[in-house]
Structures are given as structure tokens and as C-alpha cells.
Amino acid sequence: MPITPTEKIWMDGTLVPWEDAKIHILTHSLHYGSGVFEGIRAYETRKGPAIFRLTDHIDRLYRSAKIFTIDIPYTREQLMDACKETVRASGLPSCYVRPLVYLGYGEMGLNPLLAPVNVAVVVWPWGTYLGDEGLTKGVRMKVSSWRRHDPNIIPPAAKGTGQYINSQLAKVEAIKAGYDEAIMLNPQGMVSEATGENIFIVRGDDLITPPMSAGALVGITRDSVMTIARDLGVAVYEAEMQRTDLYTADEVFVCGTAAEITPVREIDDRVIGAGEPGPLTKKIQETFFAAVKGEVEQYGQWLEHV
Ligand code: PY5
């Protein structure tokens with residue numbers, strides 16, 4: 001999906017024209033993956049664009065930074081304002097919002113504590129991540145031969161830029177094999193998550209997702225899904241899962257800011273359920289899309305207007 005440029009990018013406190021948002025080739029994070037980031041969406045609502053769970057995303061950004069001992073030189077309020085300001089400046093009714101904290105130019109050693117910390121917020125229009133057809137008909141996934149990293153190797157609880165080379169290895173393997181997306185197992189062989197999404201299965205009346213200890217990111221969409229499902233009266237719990245639990249599930253879906261809620265229709269060439277999005281997946285998807293647009297009063301607090 002080629003990037004559609006917008007007018008301005010927020011860089012270290014000021015909005016600069018899109019084409020001027022440049023960095024030096026010796027930017028520390030470019031070489032060593034030493035940044036942290038967020039992926040957020042702003043949705044069109046009757047009261048103008050609203051950023052979905054902005055506070056929760058910014059809180060996670062600070063947690064990621066803490067894990068990697070990065071001192072963000074702005075307050076949470078300043079970064080939330082930066083996100084709102086950049087969305088406003090774009091004039092877009094809805095967009096993807098990408099805050100990035102990176103170590104800049106100044107040091108080339110591996111000690112990140114000496115490098116300057118820079119922050120940028122970029123927004124651009126980003127459609128359905130796993131395809132429009134994926135959203136309505138479901139995607140085909142493959143369990144990757146690449147494992148999700150162990151928490152004592154690279155912590156999956158943080159959203160560090162460098163960790164995404166792990167996801168990319170799995171993604172490329174899946175795409176080259178003709179699938180849409182990969183599912184990753186942790187070093188113990190249990191299901192962890194997809195390359196940029198959390199995963200859920202429906203078994204009978206239950207909705208189940210792997211725990212954080214399985215190496216999944218603390219997804220904000222995951223949390224929204226759990227809340228919506230509980231409010232629908234569904235039993236929701238976290239449990240370790242083997243890959244065969246995926247094959248035999250009644251329904252499977254993945255969720256994330258970019259992918260939103262995407263049904264899964266096939267895993268490793270086994271058809272899931274009836275081979276089309278199941279009833280609970282559809283109900284959760286429908287409620288989620290209504291919630292992000294401000295159409296569900298009880299989830300109004302998730303929307304932060306710009
Ligand atoms: N797991 C991983 C590894 C992720 O990268 C993401 C988000 C999620 C789960 C879902 O988390 P959340 O619901 O909080 O978004 N991925 C980013 C996103 O913006 C980057 C994808 C390209 O969705």
C-alpha cells in the first residue's frame with residue numbers, strides 16, 4: 001500500500017512540511033532499531049475526527065520507552081496534543097496516527113543512553129490493512145516457522161521498532177507461500193499472536209485469546225474486543241493455545257489498530273468453521289466499527305476528539 005502524503009509532520013515540537021521531515025543517515029535508531037512507536041487510528045464521527053483510545057496508546061508508548069530506558073523529552077499531555085494537532089492539520093476526517101520516538105544523530109556506539117531522543121508524529125490515510133475482502137470474507141493464515149521472541153531476548157510487551165524484523169520474517173514467509181498473514185508461536189510452541197495483530201478463537205460460547213505471557217503485545221484493540229464481548233454476555237478468557245486449537249476453533253479472528261477486526265477463514269489450509277466469518281466475529285466487528293465512529297454511547301469514553 002503506497003503512502004499517501006499529508007501536509008505536515010510533527011517533529012520535536014513543530015509542524016514541518018511533509019517533504020522536509022528528514023533525518024540524518026547516522027540516526028541511531030536507523031542502525032540499531034532503538035526506537036519505540038505507536039499505531040493509532042482517528043475515525044470520522046458526527047463531532048469531527050476522534051482518536052480512538054489515544055490516552056491508552058500514549059501510556060503504552062511511555063511503557064515501551066521505560067522498558068528500553070528511553071527518556072521521552074515531552075509529557076504525555078504534550079504528545080497527546082501533538083497527535084491531535086497533526087490530525088487537525090491534515091484536514092482528514094479519518095487517518096492512521098504514528099507517534100515515533102527514536103534515538104537521533106550524535107552517537108554511534110551501542111550505549112543508547114548517550115544518544116539524543118527525538119519524537120515525531122505522522123498521520124496519513126490508511127485503508128484496511130489486510131484488504132477489504134479480508135475484512136468481509138476473512139483471510140488465509142499460516143503458522144510461521146519463525147518463532148515470536150522470548151521475553152528475555154526482546155520483550156514482546158514493548159512496541160520497539162527493531163522487534164518488527166521478527167514480524168517481517170514471518171510476514172514474508174507467509175506471503176511468499178501464498179497466504180495473507182502469519183501466526184507466530186512463542187519459543188515454547190504455544191500460539192502468541194500474528195505479525196501485527198492479536199488473535200482470538202471462538203470455541204462454543206467462549207472467546208479465548210493467548211495471555212500476555214505467551215508473548216503477545218498488550219493490544220488495545222484486544223482489550224476493546226474483550227470489553228465488547230463481555231458486554232454482549234460472552235465468556236471471555238485468556239488461555240494458552242496450541243496450533244491445533246486454531247484448526248479446530250469455531251471461529252478465529254485477528255485484531256489490531258491497523259487490521260481492526262479481521263476474520264480468519266483458513267489456517268494452514270484447514271478451513272475454520274464454515275469458511276466464512278462466524279456470527280460472534282461479525283457481531284464483535286459490527287459493534288467495534290460502530291464504537292469507533294461514536295455510535296455506541298457506552299463506549300463514548302474511548303473517543304478523544306481532536
Ligand atoms: N501485536 C503486534 C505485534 C502489533 O504490532 C500490534 C499493533 C498488535 C498486536 C495490536 O495492538 P493494538 O490493538 O494496540 O493496535 N500493530 C501496529 C498497528 O498499528 C502496527 C501494524 C503495522 O496495528
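Caption draft 1: Representation of the site of the ligand within the structure. The full set close to the ligand counts 21 residues, and Tyr 96, Tyr 164, Glu 193, Thr 221 and Thr 257 are the nearest of them. At a separation of 2.4 Å, an oxygen atom of the ligand approaches a polar side-chain atom of Tyr 96. In the environment of the ligand, an oxygen atom lies 3.1 Å from a nitrogen or oxygen atom belonging to the side chain of Lys 159. Within the complex, 94% of the 520 Å² of free accessible area of the ligand lies under protein. For the shell around the ligand, the elements supplying multiple residues, two or more each, are α2 (54–67), α6 (220–231) and β14 (251–256). Class assignment for the residues of the shell around the ligand results in 7 nonpolar, 9 polar and 5 charged.

Caption draft 2: Representation of the packing of aromatic side chains in the model. Summed over the entire model, instances satisfying the criterion amount to 11 aromatic pairs. When the centroid spacing of 5.6 Å and the interplanar angle of 80 degrees are considered together, the rings of Phe 52 and Phe 288 count as edge-to-face. Of this pair, Phe 52 sits in strand β5 (residues 48–52) while Phe 288 is found in helix α8 (residues 279–292), placing the two residues 236 residues apart along the sequence. The residues Phe 52 and Phe 288 share a single accessibility class, namely buried. With a centroid separation of 4.6 Å and 85 degrees between ring planes, the pair formed by Tyr 96 and Trp 126 is classed as edge-to-face. Residue Tyr 96 is located in strand β6 (residues 95–103), and its partner Trp 126 is located in the loop between β7 (117–124) and α4 (132–137); the two are separated by 30 residues in the primary sequence. Aromatic rings pair up to connect Phe 52, Phe 288, Phe 289, Tyr 299 and Trp 302 into one cluster. A cation sits over an aromatic face here: Arg 76 above Tyr 62, 4.5 Å from the ring centre.

Caption draft 3: Examining the pattern of salt bridges more closely. A complete count under the given rule lists 14 salt bridges for this structure. Here Asp 56 makes a salt bridge to Arg 53, at a shortest N to O gap of 2.8 Å. Overall, Asp 56 belongs to the partly exposed group, its relative accessible area being 28%.

Caption draft 4: Seen up close, the pairing of strand β8 (residues 139–143). Counting buried residues along β8, 5 of its 5 residues qualify, which places the element largely inside the surrounding structure. The two faces of β8 match: Val 139, Met 141 and Val 143 on one face and Arg 140 and Lys 142 on the other face are all buried. Examined bridge by bridge, β8 and strand β15 (residues 260–267) share 3 bridges and lie parallel to one another. Note on β15: the bridge partner recorded for Arg 140 is Glu 266. Bridge count for β8 against strand β9 (residues 181–185) is 3 bridges, and the pairing is parallel. By the bridge assignment, Met 141 is partnered in β9 with Glu 181. With helix α5 (residues 164–176) bridging β8 and the parallel β9, this β-α-β connection has right-handed handedness.

Caption draft 5: Just the nonpolar core, in detail. Judged by nonpolar contacts, the single largest core of 27 residues is most densely connected at Leu 207, Val 225, Ile 284 and Phe 288. For this core, the secondary structure elements donating two or more residues are β5, β11 (198–203), α6, β14 and α8. In this view, Val 225 contacts Phe 200, Leu 207, Phe 253, Cys 255, Ile 261 and Ile 284; residues no more than four positions away in its chain are not counted.

Caption draft 6: Representation of the environment of Thr 86. Relative to the assigned elements, Thr 86 resides in helix α3 (residues 76–90). A residue is classified by how much of its surface remains accessible, and Thr 86, at 0% relative accessible area, is buried. Between the C-alpha atoms of Thr 86 and Tyr 96, which are 10 residues apart in sequence, the distance is 11 Å. Ignoring anything within four residues of it in the chain, the contact list for Thr 86 reads Lys 8, Trp 10, Leu 15, Val 121 and Val 123. In terms of polar contacts, Thr 86 uses its side chain to reach the backbone carbonyl oxygen of Ala 82, at 2.6 Å.

Quick notes on the rules
Residues numbered from 1 in each chain as written. Predicted model: local features only at pLDDT ≥ 70, side-chain atom pairs only at ≥ 80, totals over all residues. Heavy atoms only, no water. Near = heavy atom within 4 Å. Polar contact = N/O pair within 3.5 Å; in protein donor to acceptor, adjacent residues only side chain to side chain. Areas by Shrake-Rupley, 256 points an atom, 1.4 Å probe, with all protein chains shown as cover. Helix = DSSP H or I, 4+ residues; strand = E, 2+ residues; numbered from the N terminus. Nonpolar A, V, L, I, M, F, W, Y, C, P; charged D, E, K, R; others polar. Phe/Tyr/Trp six-rings, centres within 6.5 Å; stacked < 30°, edge-to-face > 60°. Buried < 20%, exposed > 50% of the residue type's maximum accessible area, 1.4 Å probe, protein only. Lys NZ or Arg CZ within 6 Å of the ring centre and 35° of its normal. Salt bridge = Lys/Arg side-chain N within 4 Å of Asp/Glu carboxyl O. Pairing = 2+ DSSP bridges. Right-handed = clockwise from strand over helix to strand, strands pointing away. Core = buried A, V, L, I, M, F, W, Y, C linked by side-chain atoms within 4.5 Å. Contact = heavy atoms within 4.5 Å.

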